[in-house]
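Read off the chains here:
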Amino acid sequence: MKKAPVVKLSLRKLLVAMLAVGPVAFLPAPLLATLPSAGSITVSSGSASLAVAGPQATITSTDRAVLNWGTVASGLGTVTAFNIGAGETYNFLVPAGGSVLNKVVAGAGTGGASDGVAAIINGTLSSNGRVFVLANGNINIGDGAAINTTGGLVLSTLAEATDLTYVVNGDLSYTGLSQGSITIGGGGLSLPSVLGNLNAWAGSVAVNGANITGNVIVNSIGGGAVNLAGAQPTTITGNLTTNSYNGTITQGVSAVSVSGTAALNAGTGAITLTNAANNFATVQATSSATVSLADANDIALGASSVGNLNVTTTAGNITTSGAVATVTNASLTAGANGSISYGTGSSAGSISAATSNGSISINTVGNVTLGTITAGGTLKGIVVASDRK
């Protein structure tokens, strides 16, 4: 048997052969995450070093260091260098009790989902201190992301006039105009997890499902909406403080659970959290519009000031742990064996209340007009009193 001859082609001949066939199309590479390099980060205050090993990048810095992240070429444009891909880890090491500020820049010109996004977290972000991410565009935390910070994670899209506030005080001013939105979770089954406190400031904030162990502060300036749950549920083991600056506070098709106190301030905006599977412990609400709450179990109303109030439980009590001032009408409905107790210095223009199998106690300050009061079942009982001071 004869051996096939060995064919050798030079690179020049191969190129000539390709051109003879016609033009060759080079497809743009997908927008994949890239671990940071020394060239993609500059330090404008303090000092920092970068070490990359496999899929992990470790950034070690002095306390209150300011890191400026650039963009990297990708496809037809640029994508932010602060791009933690699935399976990748960014670990920020600071002195004990310290923090680090990451100023990130939005990508542009790709014609895709990365346009206008200044920070992407689809992998793991960890730190032994507090991590700040200050963006001039959107911040996206994707499905499957894992965040573990000792001092907490602060996300902001509000413009800062200077770094001096952070360098001196270790915190941002949160006084500038918003340059983007914050989205947590993509609505898939692999929910992002956050271990540590989370603080978010943006024009609008949407949580499409997440598991958070820590206290959560959400601020949506300029009347931007705050969505606390989307296609997947949001579970917060800690306290929730939300200020929408006259925007609405709402949820999608899934439930919101907060083990601590949920302090909700919508200003002139409405608060609508009416998924029957919600699970709140205590809610403090501030809104000159209508506040509508639903809960699967017991719910306590802390000190609140609202226009109209609608509260419904599937199988739990409705109580007041602080003074609830309802300007117009308070409508309270407790299901199963739940009872209703509306008092603790509370007031209302009018009150309607109903239970399936529980008692009703109403003790208000000032004049009140009673609407329909219905106590059902074997545990029924009605007590109404008003302290006119």
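Residues numbered from 1 in each chain as written. Predicted model: local features only at pLDDT ≥ 70, side-chain atom pairs only at ≥ 80, totals over all residues. Heavy atoms only, no water.

### As for the overall build of the chain
Right, so step 1: Assigned secondary structure in the chain consists of 2 helices and 37 strands.
Right, so step 2: A total of 389 residues make up the chain; the buried ones form 46% of that total.
Right, so step 3: Considering only contacts within the chain whose residues lie at least 6 apart along the sequence, 32% involve residues at least 24 apart.
Right, so step 4: Of the roughly 16,800 Å² of accessible surface on the chain, 58% is carried by carbon and sulfur atoms. (Helix = DSSP H or I, 4+ residues; strand = E, 2+ residues; numbered from the N terminus. Buried < 20%, exposed > 50% of the residue type's maximum accessible area, 1.4 Å probe, protein only. Contact = heavy atoms within 4.5 Å. Areas by Shrake-Rupley, 256 points an atom, 1.4 Å probe, with all protein chains shown as cover.)

### Quick notes on the nonpolar core
Right, so step 1: Among the nonpolar cores identified, the biggest contains 77 residues, and Trp69, Phe82, Phe92, Val133, Ile271, Leu293 and Leu309 are the most heavily contacted of them.
Right, so step 2: Apart from the residues within four sequence positions on either side, Phe92 is in contact with Ile59, Trp69, Phe82, Val100, Asn102, Leu125, Ser126, Ser127, Asn128 and Val131.
Right, so step 3: Counting 11 residues, the second-largest nonpolar core is a separate cluster that includes Leu134, Tyr166, Tyr174 and Trp201. (Core = buried A, V, L, I, M, F, W, Y, C linked by side-chain atoms within 4.5 Å.)

### What about the pattern of salt bridges?
Where charged atoms of side chains with opposite charge meet at close range, the side chains can pair.
Right, so step 1: Under the definition given, this model contains 2 salt bridges.
Right, so step 2: One salt bridge in this structure joins Asp63 and Arg64, with 4.0 Å as the shortest N-O distance.
Right, so step 3: A salt bridge links Lys103 to Asp163, with the nearest nitrogen and oxygen atoms 2.9 Å apart. Of this pair, Lys103 sits in strand β9 (residues 99–104) while Asp163 is found in the loop between β15 (152–156) and α2 (164–169), placing the two residues 60 residues apart along the sequence.
Right, so step 4: Residue Lys103 is classed as partly exposed on the basis of its relative accessible area, which comes to 25%. (Salt bridge = Lys/Arg side-chain N within 4 Å of Asp/Glu carboxyl O.)

### Some details on the environment of Ala336
Right, so step 1: Secondary-structure assignment places Ala336 in the loop between β32 (324–334) and β33 (340–342).
Right, so step 2: Sequence separation of Ala336 and Gly376 is 40 residues, and the distance between their C-alpha atoms is 9.8 Å.

### Looking at the pairing of strand β23 (residues 234–237)
Right, so step 1: The side-chain alternation of β23 yields one buried face, formed by Thr234 and Ile236, and one unburied face, formed by Thr235 and Thr237.
Right, so step 2: Alignment of strand β20 (residues 210–213) against β23, held across 4 bridges, turns out to be parallel. Bridging across to β23, Thr213 finds its partner in Thr237.
Right, so step 3: As paired elements, β23 and strand β26 (residues 256–267) share 3 bridges and run parallel to each other. Its bridge partner lying in β26, Thr234 is registered against Val256. (Pairing = 2+ DSSP bridges.)

### So, unusual backbone geometry
Right, so step 1: Residues other than glycine seldom take positive phi values, yet Tyr174 does so here, at roughly 55 degrees.
Right, so step 2: Residue placement: Tyr174 occurs in the loop between α2 and β16 (182–184).
Right, so step 3: Positive phi, close to 55 degrees, is recorded for Thr344, a residue that is not glycine.
Right, so step 4: Locating Thr344 in the fold gives a position in the loop between β33 and β34 (347–355).

### Describing the confidence of the model for the chain
The predicted coordinates ought not to be read in detail in places where the model reports low pLDDT.
Right, so step 1: For the chain, mean pLDDT is 90; residues scoring 70 or higher make up 89% of the total.
Right, so step 2: Taken together, the stretch residues 1–32 has pLDDT below 50 and engages in 9 contacts with residues farther than four places along the chain or on a different chain. (pLDDT = per-residue confidence, 0-100.)

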